[in-house]
Amino acid sequence: MNRTSEKQFTCAVLAAAIAVIGLSTPLAALAEEQAGSIRNQPGTDSHVEVGAGYVSDDSFKFGDYGRELGQSGPHLFSNIRMNSRGDNASYLNVFGRNLGAETNWNLGIAGGEQGNYGLRIEYDELSKLHSDSYQTPYTGMGTSVLTKPPVWTITPAPISTTIITPAMMTDLAANMQRFNVETKRMATGLGLTKQLSGGWDVAVNYKREKKEGTKLTGAPMQIGGQGNRGTLLAPEPIDYTTGLFDAVARYAGEKLHMQAGYHASQFHNANRSLVFDNLFYNGASTAGGNALTGQLGQMPGNQFHQLNAAGGYTISKETRLSGSLSLGRMTQNEAFLPYITTSGIL
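Residues numbered from 1 in each chain as written. Predicted model: local features only at pLDDT ≥ 70, side-chain atom pairs only at ≥ 80, totals over all residues. Heavy atoms only, no water.

### Quick notes on the side chain of Asn278
Relative to the helices and strands, Asn278 resides in the loop between strand E13 (273–277) and strand E14 (293–297). You can call Asn278 buried: its relative accessible area is 0%. Only 2.9 Å separates the side chain of Asn278 from the backbone nitrogen of Phe280, close enough to count as a polar contact. Among all residues touching Asn278, those that are not within four sequence positions of it are Lys148, Met221, Gly289, Ala291, Leu292 and Thr293. (Helix = DSSP H or I, 4+ residues; strand = E, 2+ residues; numbered from the N terminus. Buried < 20%, exposed > 50% of the residue type's maximum accessible area, 1.4 Å probe, protein only. Polar contact = N/O pair within 3.5 Å; in protein donor to acceptor, adjacent residues only side chain to side chain. Contact = heavy atoms within 4.5 Å.)

### Structural notes on the pattern of salt bridges
Inspection of the entire model under this criterion finds five salt bridges. Note that Arg185 and Asp124 form a salt bridge whose closest N and O atoms lie 3.1 Å from each other. With Arg185 in strand E9 (residues 181–195) and Asp124 in strand E5 (residues 117–131), this pair connects stretches of sequence that are 61 residues apart. For Asp124, a relative accessible area of 17% puts it in the buried group. We note a salt bridge from Lys184 to Glu125, for which the minimum N-O separation is 3.4 Å. Of this pair, Lys184 sits in strand E9 while Glu125 sits in strand E5, and the two are 59 residues apart along the sequence. Each of Asp124, Arg185 and Glu209 takes part in salt bridges that share partners, so that together they form one network. (Salt bridge = Lys/Arg side-chain N within 4 Å of Asp/Glu carboxyl O.)

### Remarks on the packing of aromatic side chains
Tallied over the entire structure, the rule returns four aromatic pairs. Each ring, one from Tyr240 and one from Phe267, has its centre 5.3 Å from the other, and the planes form 65 degrees; the classification is edge-to-face. Of this pair, Tyr240 sits in strand E11 (residues 229–252) while Phe267 is found in strand E12 (residues 256–269), placing the two residues 27 residues apart along the sequence. Considered together, Tyr240 and Phe267 belong to a single accessibility category, that of buried residues. (Phe/Tyr/Trp six-rings, centres within 6.5 Å; stacked < 30°, edge-to-face > 60°.)

### Details of the environment of Ser59
With respect to the secondary-structure elements, Ser59 resides in the loop between strand E1 (43–55) and strand E2 (73–85). For the pair formed by Ser59 and Asp132, sequence separation is 73 residues and the distance between their alpha carbons is 9.4 Å.

### Things to note about the environment of Val145
Note on placement: Val145 falls in strand E7 (residues 145–146). Looking at Val145, the relative accessible area reads 44%, which means it is partly exposed. Setting aside anything within four residues of it in sequence, one finds Val145 in contact with Thr139, Gly140, Leu274 and Val275.

### Overview of the pairing of E5
Sheet topology places strand E4 (residues 106–113) next to E5; eight bridges connect them, and they run antiparallel. Paired with Ile109 across the strands is Ile121, a residue of E5. The antiparallel pairing of E4 with E5 creates a hairpin that spans three residues between the two strands, and Gly115 there sits at a positive phi of about 80 degrees. The pairing of E5 with E9 spans 14 bridges and is antiparallel. Bridged to Arg120 within E9 is Gly191. (Pairing = 2+ DSSP bridges.)

### Concerning the sheet that holds E13
Taking strand neighbours across the sheet as the criterion, the three strands line up as E7-E13-E14 in an open arrangement whose pairing is mixed. Of all the strands in the sheet, the pair left with one neighbour each is E7 and E14.

### Quick look at the nonpolar core
Core analysis: the largest hydrophobic core is formed by 18 residues, its most contacted members being Tyr138, Leu146, Ile154, Ile164, Met169, Leu232 and Phe276. Of all elements in the fold, only strand E10 (200–222), E11 and E13 reach the threshold of two or more residues within this core. Those residues in contact with Leu232 that sit more than four places away from it in its chain are Tyr138, Thr217, Gly218, Ala219 and Phe276. (Core = buried A, V, L, I, M, F, W, Y, C linked by side-chain atoms within 4.5 Å.)

### Quick word on the confidence of the model for the chain
Of the residues in the chain, 83% have a pLDDT of 70 or more, and the chain-wide mean is 83. Contacts of residues 1–31 to residues separated by more than four positions or lying in other chains number 21 contacts, the stretch itself having pLDDT below 50. This model gives residues 35–40 a pLDDT under 50, and the stretch forms six contacts once residues within four places in sequence are excluded. (pLDDT = per-residue confidence, 0-100.)

### So, unusual backbone geometry
Omega for the bond connecting Thr155 with Pro156 falls within 30 degrees of zero, at 0 degrees, which places this linkage in the cis form. Residue placement: Pro156 occurs in the loop between E7 and helix H3 (172–175). One non-glycine residue, Ala89, lies in the positive phi region at around 70 degrees. Its place among the elements puts Ala89 in the loop between E2 and strand E3 (90–97). Although it is not a glycine, Asn98 adopts a positive phi angle of roughly 60 degrees. For Asn98, the location among the structural elements is in the loop between E3 and E4.

Put into structure tokens, the structure is as follows:
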């Protein structure tokens with residue numbers, strides 16, 4: 001039973017008892033006073049949800065963005081929320097969604113003392129399902145090196161002026177295989193707030209996000225002279241790590257308010273390139289299309305730092321002066337990669 005129903009039930013019982021003994025105090029006033037005293041008392045308000053569902057058929061996209069329902073069969077759902085307050089303005093909040101699920105769930109805890117300090121920690125996972133119908137002849141899917149099958153016949157045999165097309169790839173159909181293209185994001189957040197004397201307070205927040213999986217990327221390869229190119233959809237590997245940090249100090253007075261802060265962002269990519277065998281390779285060509293492999297550069301690592309300040313001053317009821325200033329610097333020092341991995345014609 002949650003606290004709202006407890007209050008209503010308690011007030012009803014008290015009102016009935018007072019009416020029986022014939023007290024002259026108005027019942028509505030007594031009930032209101034009693035409800036007010038209950039509201040001021042510490043306590044815990046908890047909610048737990050547990051449910052089940054059933055999916056008749058598999059559906060890859062039905063499980064997208066946290067629905068967790070991509071596979072047929074029964075599914076369990078569970079959510080929690082607890083709010084607790086103590087005598088000295090202390091509090092503790094716990095919340096969770098989809099607990100017990102393999103993916104797509106989150107859990108958080110926040111606590112502290114109101115008007116003094118606060119702490120928070122949170123973790124969540126979320127999946128993005130791109131495609132379950134993608135097919136490719138490559139092996140090594142999900143890695144940064146894609147290799148064509150050991151037997152790869154081009155018919156008819158190419159000559160120096162031949163531009164290779166998919167219709168000439170005799171072994172293409174027999175080597176096609178499915179691969180699920182999907183990504184998963186995992187994020188952890190930490191936060192701290194502290195109220196200081198003299199109208200000051202500070203806050204610090206940090207979030208670390210890890211993203212793994214694959215996405216489909218168009219990769220071009222030269223297959224002849226005059227800019228003739230062939231393309232393929234390649235499962236580009238994703239292995240990103242992003243860190244976000246914020247610190248801010250704030251002041252609020254009768255007429256003056258101001259704040260100063262620092263923001264930092266750092267991005268790291270574990271894969272520098274995606275290397276793939278050239279399915280359009282023509283060893284006899286003298287006009288292009290004779291590169292054995294190609295490669296795509298991945299997003300380079302980078303970092304960003306910023307200092308910022310803002311404030312305002314009330315001159316009169318009609319006039320207020322305010323302003324803000326920020327200074328940031330972003331760096332990216334990784335070199336960009338060439339179009340191909342060999343000295344073939346671009």
